[in-house]
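The lines below spell out each chain.
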Amino acid sequence: MENNVKVQRQEGAKVCLMSPEQLRNKFPWINTDGVALASYGLEGEGWFDPWCLLQGLRRKVQSLGVLFSQGEVTRFITSSSHMQTTSGKGVTMKRIHEVHVKMDHSLEYQPVECAIVINAAGAWSGQVAELAGIGKGPPDTLEGTKLPVEPRKRYVYLWHCPEGPGLETPFVADTSGAYFRREGLGHNYLGGCSPTEEEEPDPGNLEVDHDFFQDKVWPPLAHRVPAFQCLKVRSAWAGYYDYNTFDQNGVVGPHPLVSNMYFATGFSGHGLQQAPAVGRAVAEMVLEGQFRTIDLSSFLFSRFYLGEKVEERNII
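It should be emphasised that the depicted structure is a prediction, and the values quoted were computed from it without experimental measurement.

### Some points on the overall build of the protein
Phase 1 of the analysis: The helix and strand tally for the protein stands at 6 helices and 13 strands.
Phase 2 of the analysis: With respect to the three principal axes, the spread of C-alpha positions in the protein is 65 × 45 × 40 Å.
Phase 3 of the analysis: The proportion of buried residues among the 316 residues of the protein is 36%.
Phase 4 of the analysis: In the protein, the share of contacts with a sequence separation of at least 24, taken over all contacts with a separation of at least 6, comes to 60%.

### Regarding unusual backbone geometry
Phase 1 of the analysis: Phi is positive for His187, which is not a glycine, with a value near 60 degrees.
Phase 2 of the analysis: As for its placement among the helices and strands, His187 is situated in the loop between strand 9 (179-182) and strand 10 (188-192).
Phase 3 of the analysis: Phi is positive for Gln248, which is not a glycine, with a value near 60 degrees.
Phase 4 of the analysis: Structurally, Gln248 can be placed in the loop between strand 11 (232-244) and strand 12 (251-254).
Phase 5 of the analysis: Classification of Gln248 by relative accessible area gives partly exposed; the value is 31%.

### Notes on the environment of Leu206
Phase 1 of the analysis: Tracing the backbone through its elements, the reader meets Leu206 in the loop between strand 10 and helix 5 (210-224).
Phase 2 of the analysis: The exposure class of Leu206 is partly exposed, given its relative accessible area of 43%.
Phase 3 of the analysis: Spatially, the C-alpha atom of Leu206 lies 8.5 Å from that of Tyr240, the residues being 34 residues apart in sequence.
Phase 4 of the analysis: Look past the residues within four positions of Leu206 in its chain and what remains in contact with it is Lys153, Ala238, Gly239 and Tyr240.

### Remarks on the environment of Trp29
Phase 1 of the analysis: Relative to the helices and strands, Trp29 resides in the loop between helix 2 (20-26) and strand 2 (38-41).
Phase 2 of the analysis: A polar side-chain atom of Trp29 sits 2.7 Å from a polar atom in the side chain of Glu168.

### Re the side chain of Arg152
Phase 1 of the analysis: Within the element layout of this structure, Arg152 appears in strand 7 (residues 149-160).
Phase 2 of the analysis: Polar side-chain contacts of Arg152 include one of 3.0 Å to the side chain of Glu200.
Phase 3 of the analysis: Once residues within four sequence positions are removed from consideration, Arg152 is found in contact with Glu197, Glu200, Gly239, Tyr240, Tyr241, Tyr243 and Thr245.

### Quick notes on the environment of Gln229
Phase 1 of the analysis: For Gln229, the location among the structural elements is in the loop between helix 5 and strand 11.
Phase 2 of the analysis: For the pair Gln229 and Pro219, spaced 10 residues apart in the sequence, the C-alpha separation amounts to 8.3 Å.
Phase 3 of the analysis: In this structure Gln229 touches Trp218 and Ala222, once residues within four positions along its chain are discounted.

### So, the sheet that holds strand 5 (residues 109-113)
Phase 1 of the analysis: Taken in spatial order, the 3 strands make up an open sheet running 3-4-5, and their pairing is antiparallel. The open sheet has two free edges, formed respectively by strand 3 (71-84) and strand 5, since each of these has just one partner strand. Adjacent strand axes in the sheet meet at a mean angle of 30 degrees when their direction is disregarded.
Phase 2 of the analysis: Bridge count between strand 3 and strand 4 (residues 90-103): 13 bridges; the pairing is antiparallel. Counterpart to Gln84 in the pairing with strand 4 is Gly90.

### Points about the pairing of strand 7
Phase 1 of the analysis: Across the 12 residues of strand 7, 10 count as buried, placing the element largely inside the fold.
Phase 2 of the analysis: Examined bridge by bridge, strand 7 and strand 11 share 12 bridges and lie antiparallel to one another. Counterpart to Val156 in the pairing with strand 11 is Trp237.
Phase 3 of the analysis: Relative to strand 10, strand 7 is paired through 4 bridges, and the arrangement is antiparallel. Paired with Tyr157 across the two strands is Gly191, which belongs to strand 10.

### Brief notes about the sheet that holds strand 10
Phase 1 of the analysis: In spatial order, the strands read 8-9-10-7-11; together these 5 strands make up an open sheet with antiparallel pairing. Only two strands of the sheet have a single partner each, and these edge strands are strand 8 (172-173) and strand 11.

### Description of the state of the cysteines
Phase 1 of the analysis: Applying the stated criterion across every chain, the model contains 0 disulfides.
Phase 2 of the analysis: Considering cysteine sulfurs only, Cys230 is the nearest to Cys161, which forms no disulfide, with 7.0 Å between them.
Phase 3 of the analysis: In this structure Cys161 comes out as buried when scored by relative accessible area, which is 0%.
Phase 4 of the analysis: With no disulfide of its own, Cys193 lies 18 Å from the sulfur of Cys161, the closest cysteine sulfur.
Phase 5 of the analysis: What makes Cys193 buried here is its relative accessible area of 10%.

Conventions we followed
Residues numbered from 1 in each chain as written. Predicted model: local features only at pLDDT ≥ 70, side-chain atom pairs only at ≥ 80, totals over all residues. Heavy atoms only, no water. Helix = DSSP H or I, 4+ residues; strand = E, 2+ residues; numbered from the N terminus. Buried < 20%, exposed > 50% of the residue type's maximum accessible area, 1.4 Å probe, protein only. Contact = heavy atoms within 4.5 Å. Polar contact = N/O pair within 3.5 Å; in protein donor to acceptor, adjacent residues only side chain to side chain. Pairing = 2+ DSSP bridges. Axes fitted to C-alpha atoms, helices over the stretch in contact; angles between N-to-C directions. Disulfide = S-S within 2.5 Å.

Encoded structure:
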């Protein structure tokens, strides 16, 4: 935690470390048993409604002339060329020329010609990448390495607790993984906990497991905030993380072998926080890529490729 705070301060975040005694004094409702240290954001902290942010961005770009088309990508039309790495290994380069999109409520598809494809399909970006042939080659090779992003289901619960913490309540993340924050002004709270790898729920549906709250979320919450021993769950929902199984961080940038597919995915639950910066970064990458040759060894995506990275060579 000390190292994390050091990095955050270097990046300009106003954050401090608190001892258990300092934590108790500032937030008397917290049980500090088992707490060695706490990190607390002093300013620039808060939360916002992601749906409202998304709708605001959509309306703005629509006013600037962007056209949204709702449908499912079913196929990519590509051309191929065969190249060699500096070590003499052969690789097949692809370029996407056309995307087939199956329109909603229709049996037809719409062919869309394109110069650039941005794969920002979230939890389904791995499936979209496979449609472009990514990961379809021999195992343990560059061509056979899949985009390591898949859907993971997460539950969010809303509960009421008349004696719960008041307006000074920050977003709290416990060492157990349980988290909560205040929701509105009526002693309502929102939170949850990520399951272990062994407990991952089936992502095939969005049904909520209420036993998960009783067994995994409530006990650590009630331990950390004794007032939560008396609470009542009012509602819950489930949603998807675009989960990066490699390191739970975002995959940003062009693919080494599909030259005009760029990625903005795999953020594993913190994509909304990074989305505005990532969107700008990808736009700048695309623009820069139109005017220079590209050294494949510099691609962020190459970190997934098991030693089979295409070595320094200008090929475009």
